[in-house]
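Residue strings, one per chain:
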Amino acid sequence: MDCHRELLSRPHLTVISGEPDLELARLAALVRPSVRLDGRAELELLFGRLLMASDAGAPIAPKTLDFVGHATAATSQLRLGDWVLDAANSTVKAFFRELAEHDALARLGIHAVRLLACKTAETGQGRSTICALADILGVEVHGTSHLLYDAHYGEDGFRDEWEFLLVCASDLRRTTSEPCVVPAAAHWPRTLDVDALPAAPLGPRATPWPRRIAPAAAARQLLALIQRDAGAQLPGLLATPSCELALPSAVPGAYHVAQVLLDGSFLRFFPDGAAAPGVLYPVDDAHLLRRIVDELPGADVSR
Amino acid sequence: MTKVTFHGLAAWVGAIQSPTICDWWNRDPAQLNWDRGLLHTVDLAMTPSAATAGRIKATEIQIDDHTTDGGRTTIGPRWPGGSMIGAAWVTEGYLAATGMMCPPGVPDGGSGHAYEYETVQYFDGEQGNRRFYGFHASVLQEQAPLSLVQIWNPGAGARGAPPAGAWWLDLKAAADPNTPPLVAGTPGPLFLDVATVKLITTFEPKLPPYHGAFALPL
């Protein structure tokens, strides 16, 4: 348990592939403490033990999770023992999704994951893996298009002065156009097609703003106030909704969700799903929209 | 108010003098007959972050930080191991001192408008430590407090290429207040703060022009 407490107190949690290899052995001797492991099962065990140590009150330092190993020959993807970190593999995705669902990285103070093998950001598959893991884990994931070797490491792990050799998922998205890497473009105009909006039953939610159900007649009135062909994204967290609207859909019991923003000047819809950024549509008459919304019945579902 | 404007240029490193000092060409040396007389010396440690840390004065800054330190320069940032070909975002003072480009314009072999290759950095005053990137943009519609803004990828604004996208933006909060505001319906320069730039889907300028795997409509 002591070694896990020490791992949690360091700025880098260095996990080195356990395959028999002189270079990796040299790195393991150099980086203290570090962990060598042979694949997914051992990694899962390590996370379990670290979480136990964390729950037992071990001090947690903000840290990076550094996977160190060799890259596969054809696709430049990092190998941990016999386990290749390839996000195209559903087992790999499921493992990291489970970590995310248990909030494991945040509980261990991990703010970034780094795939430290040669040229892990050099191939399309490598870049795709970096971006997919970042999406799943909700933290920055780094790779490199350079050769990495023991000169880049010190006793604390990968040395800060060589960080410029790394590239992160956010940067990859800004510098490549591979479909697997770049998020959906900010298409314009996003004409509002109500029938194509996702619909779902109302369920419990944690958001603080009220939710109201719009009957069909009120929904028609609301939609008539929107400039349907002037939709675009609003980047960032600038606008907090004042109210959420549930608009009726063609499926009984399922609703389209919209949010009232900026004092009724805009409605935000989610044509790409609730997890994607919404699209804002300007409202011609904010005053009238507020009046209609105020008369709608509340629709909060208790947990 | 201390303000420094950086201009993005293509950079080929031709000689290394120290871990951070190098000599570089701003044009493809193969087309310059490898003329060493056209090399310019720059210290990649003379950056905004060095000024913010108090190691140098803002007037001594030569070049923007490397991308790994929050800047836009992609050569270096130190050797051995640093990049030899990439982008150098240098100050107006450096350009004047070296006689490279005066007035600054579109980098050799590049395209678009000069302001698409500019970054403005403030160090104090109301905009203290904020950075703004230049874009070619057009306001399509306004609905207070937001504006529907069409933005082109840097370097693509003057060639009839389609815009990178359109976004509803609060320009009072996101744009450099010290540059003239965009007039609705008239495309022109827009300097957006880095926080907003990171949230919209645009590419970095292609420096050198052949840099990057992405397919801009060239």
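None of these values were measured; they are calculated from a predicted model.

What counts as what
Residues numbered from 1 in each chain as written. Chains lettered and ligands numbered in written order. Predicted model: local features only at pLDDT ≥ 70, side-chain atom pairs only at ≥ 80, totals over all residues. Helix = DSSP H or I, 4+ residues; strand = E, 2+ residues; numbered from the N terminus. Buried ≥ 20, exposed ≤ 12 C-beta atoms within 10 Å, placed from the backbone. Contact = placed C-beta atoms within 7 Å. Core = buried A, V, L, I, M, F, W, Y, C linked by C-beta atoms within 7 Å. Pairing = 2+ DSSP bridges. Axes fitted to C-alpha atoms, helices over the stretch in contact; angles between N-to-C directions. pLDDT = per-residue confidence, 0-100.

Enquirer: Just give me the short version of the overall build of chain B, but keep the residues and values in it.
Expert: Counting its secondary structure elements, chain B contains four helices and nine strands. Secondary structure elements of chain B, listed N to C terminal, follow the sequence β-β-β-α-β-α-β-β-β-β-α-β-α. Evaluated residue by residue, chain B yields a buried proportion of 44% over its 218 residues. Expressed as a percentage of contacts within chain B between residues at least 6 apart in sequence, the contacts between residues at least 24 apart total 52%.

Enquirer: Which residues make up the nonpolar core, and what are the values?
Expert: In terms of nonpolar packing, the biggest core is built from 50 residues, with Tyr281(A) and Trp167(B) touching the most fellow members. Residues within four places of Tyr281(A) in sequence aside, it is in contact with Leu192(A), Ile226(A), Gln227(A), Arg228(A), Ala230(A), Gly231(A), Phe266(A), Leu267(A) and Phe269(A). Formed by 49 residues, the second largest nonpolar core is a distinct cluster that contains Val92(A), Ala112(A), Leu166(A) and Leu172(A).

Enquirer: How would you summarise the pairing of strand E5 (residues 118–122) of chain B if you had to cite specific residues and measurements?
Expert: Residue and element names in this part refer to chain B. Within E5, five of the five residues are buried, which leaves it mostly tucked inside the rest of the structure. On E5, burial covers both faces: Glu118, Val120 and Tyr122 on one face and Thr119 and Gln121 on the other are all buried. By the bridge criterion, five bridges tie strand E1 (residues 3–16) to E5 in an arrangement that is antiparallel. Residue Phe6 lies in a different strand from E5, and its bridge partner there is Thr119.

Enquirer: I'd love a proper account of the environment of Asp66(A), names of residues and values included.
Expert: Residues and elements named next belong to chain A. Within the secondary structure layout, Asp66 lies in strand E3 (residues 63–68). Accessibility expressed as a C-beta count within 10 Å gives 22 for Asp66, which makes it buried. Asp66 sits 50 residues away from Leu116 along the chain, and the two C-alpha atoms are 6.6 Å apart.

Enquirer: Before we move on, could you go through the sheet that holds strand E14 (residues 266–269) of chain A and cite the residues and values that matter?
Expert: Backbone hydrogen bonds are what pair the strands of a sheet, in a parallel or an antiparallel way. Residues and elements named next belong to chain A. Here we have five strands laid out as an open sheet, ordered E11-E12-E13-E14-E15, and mixed in their pairing. Taken across any chain shown, the strands that pair with only one partner, and hence form the sheet edges, are strand E11 (211–213) and strand E15 (279–282). The average angle at which neighbouring strand axes cross in this sheet is 30°, direction not considered.

Enquirer: Let's hear about the confidence of the model for chain B: which residues, and what values?
Expert: Residues and elements named next belong to chain B. With 94% of its residues at a pLDDT of at least 70, chain B reaches an overall mean of 88. Note on residues 212–218: pLDDT is under 50 here. Beyond four places in sequence and across chains, it has 14 contacts. Across the predicted assembly, pTM comes out at 0.69 and ipTM at 0.79.

Enquirer: If you had to explain unusual backbone geometry to someone new, which residues and values would you point to?
Expert: Residue Pro80(B) is reached from Trp79(B) by a cis peptide bond, and omega for that bond is 0°. Here Pro80(B) shows up in the loop between helix H1 (48–52) and strand E4 (85–91). The omega angle of the peptide bond from Ala144(B) to Pro145(B) is 0°, so this bond is cis rather than trans. Here Pro145(B) lies in the loop between strand E6 (131–143) and strand E7 (146–151). In this structure, Ser76(A) is a non-glycine residue whose phi angle is positive, near 55°. Topologically, Ser76(A) is positioned in the loop between E3 and strand E4 (79–80). Non-glycine residue Asp103(A) carries a positive phi angle of around 55°. Inspection of the secondary structure assignment puts Asp103(A) in the loop between helix H4 (90–101) and helix H5 (104–107).

Enquirer: Could you give an account of the pairing of E4(B), naming the residues involved and the relevant values?
Expert: Every other side chain in a regular strand lies on the same face of the sheet, so the side chains alternate between the two faces. All names here are of chain B. Within E4, six of the seven residues are buried, which leaves it mostly tucked inside the rest of the structure. One ladder, built from seven bridges, connects E1 with E4; its direction is antiparallel. The residue of E4 that forms the bridge with Phe6 is Thr91.

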